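Reading the structure
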Amino acid sequence: MTKDYNESIPYDWANDDLEAEGSSLPSVAIVILNWNGKVFLEKFLPSVLASTYLNKRIIVADNASTDDSLSFLNIHYPEVEIIIHAKNEGFAKGYNDALAQVGSDYYVLLNSDVEVSEGWIEPIIELMEKNGSIGTCQPKILNYANREYFEYAGACGGWLDCLGYPFARGRVFNEIEKDLGQYNVAQPCFWATGAAMFVRADMYHVLGGLDEYFFAHQEEVDFCWRMQLAGYKVFVQPASVVYHVGGGTLPQGSSKKVFLNFRNNLVMLAKNSTLTCCMYKIPCRLVLDAIAAYKELFAGNGKSFLAIAKAHLYFFKWILVERKQAVFPISKKGKVSGWYDGSIVWQYFIKKKLKFSEIISHK
């Protein structure tokens, strides 16, 4: 049944009849994509199982792991559902293939290296049920190792600047802020982190899911951009808190990570912007990327220099050869939130504004 996304449905979370309450709540499928992550499953899966939300399923989608992840799950957590992929084709395709097999009202795309708090689900589902225009939402993401600070991947809601550079409430480039409650208001943002992303299940499929060309990195930013262009909102709900390790699959500084980030960001910008915007934004980005590449080269990091150069070559290949297979927006009429008309490169590197609140002073 297709839902009316303008309908507001109140729920009584204090119902004493737990079984009846569970059956009346929207169904939530927590799907953890795993690749050789037995150490993370062992450490963090208990916190997911302890989640207090009553109408939930917990599913591990395994991306052809070569460690003992599956035997560990079968022995210690037989109640966890398992989906097995024949090979590892990345974050985007791994989730698309898994979610095609999962029926639920809501999906939660959850990284294996995330520790959740007991009541992390309820505030987000309540918010999304009360506001049918919200298609995607994330919790506040704090650093697992240093819990007073935000975590790089999403912090307290992702934003995007005019040239396609992602940043977040609590994180600009590599500058991570301490969580002092300064962003503790639920509000629209541009993108929700793929480390803990809640999404309406039917909207996920209507939008075509994650773009599999991306493989990994920034596919969630692209998805949320398409979500907003289709007329729905992306939100952050800081009343929900999770703790993310980060860098579990591709650590910071990895040349493959550099390649994917630069290539995917250019593809995302080209897909979701108007032709007029692309005509000046793409050349600007190519110049800024080149500056970044030579900065890495002069710093003695030749691998990153080559990764950025390779990213540009693959971007042009995408334009000429692979563009027809891309997942494009189903509409470009929707208005976006969490958009900064200026340049965070200028603000951060030239004006030395290192905090989100210094750049977006009115928020």
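Structure's up top.
These notes cover the structure that comes with them. (Residues numbered from 1 in each chain as written. Predicted model: local features only at pLDDT ≥ 70, side-chain atom pairs only at ≥ 80, totals over all residues. Heavy atoms only, no water.)

The subject of this paragraph is the environment of Leu297. With respect to the helices, strands and loops of the structure, Leu297 is situated in helix H9 (residues 275-298). Through-space distance from the C-alpha of Leu297 to that of Asn272 is 31 Å; in sequence the pair is 25 residues apart. When residues no more than four places from it in sequence are discounted, the contact partners of Leu297 are Gly302 and Phe305. (Helix = DSSP H or I, 4+ residues; strand = E, 2+ residues; numbered from the N terminus. Contact = heavy atoms within 4.5 Å.)

The subject of this paragraph is the pairing of strand S7 (residues 158-161). Of the two faces of S7, the one lined by Gly158 and Leu160 and the one lined by Trp159 and Asp161 are each fully buried. In this sheet, strand S8 (residues 166-168) lies alongside S7 in antiparallel orientation, the contact comprising three bridges. Across the sheet, residue Trp159 finds its bridge partner in S8, namely Phe167. From the end of S7 to the start of S8, which pair antiparallel, there are four residues, and Gly164 there has a positive phi angle of about 90°. Bridge analysis of S7 against strand S14 (residues 339-340) gives two bridges, and the strand direction is parallel. Bridge pairing links Asp161 to Tyr340 in S14. (Buried < 20%, exposed > 50% of the residue type's maximum accessible area, 1.4 Å probe, protein only. Pairing = 2+ DSSP bridges.)

For the rest of this paragraph, the subject is the nonpolar core. Membership of the largest hydrophobic core comes to 80 residues, with the highest contact counts inside it found for Tyr95, Tyr107, Leu109, Tyr204 and Phe223. Counting residues per element, this core draws most heavily on helix H8 (residues 255-272), at nine residues. Dropping the residues within four chain positions of it, Tyr204 is found in contact with Tyr95, Asn96, Leu99, Tyr107, Leu109, Val199, Gly209, Leu210 and Phe223. Counting residues in each nonpolar core, the second largest holds 33 residues, with Val60, Leu110, Ile134 and Ile141 among its members. (Core = buried A, V, L, I, M, F, W, Y, C linked by side-chain atoms within 4.5 Å.)

Note that all results are geometric; they support no functional claim without further evidence.
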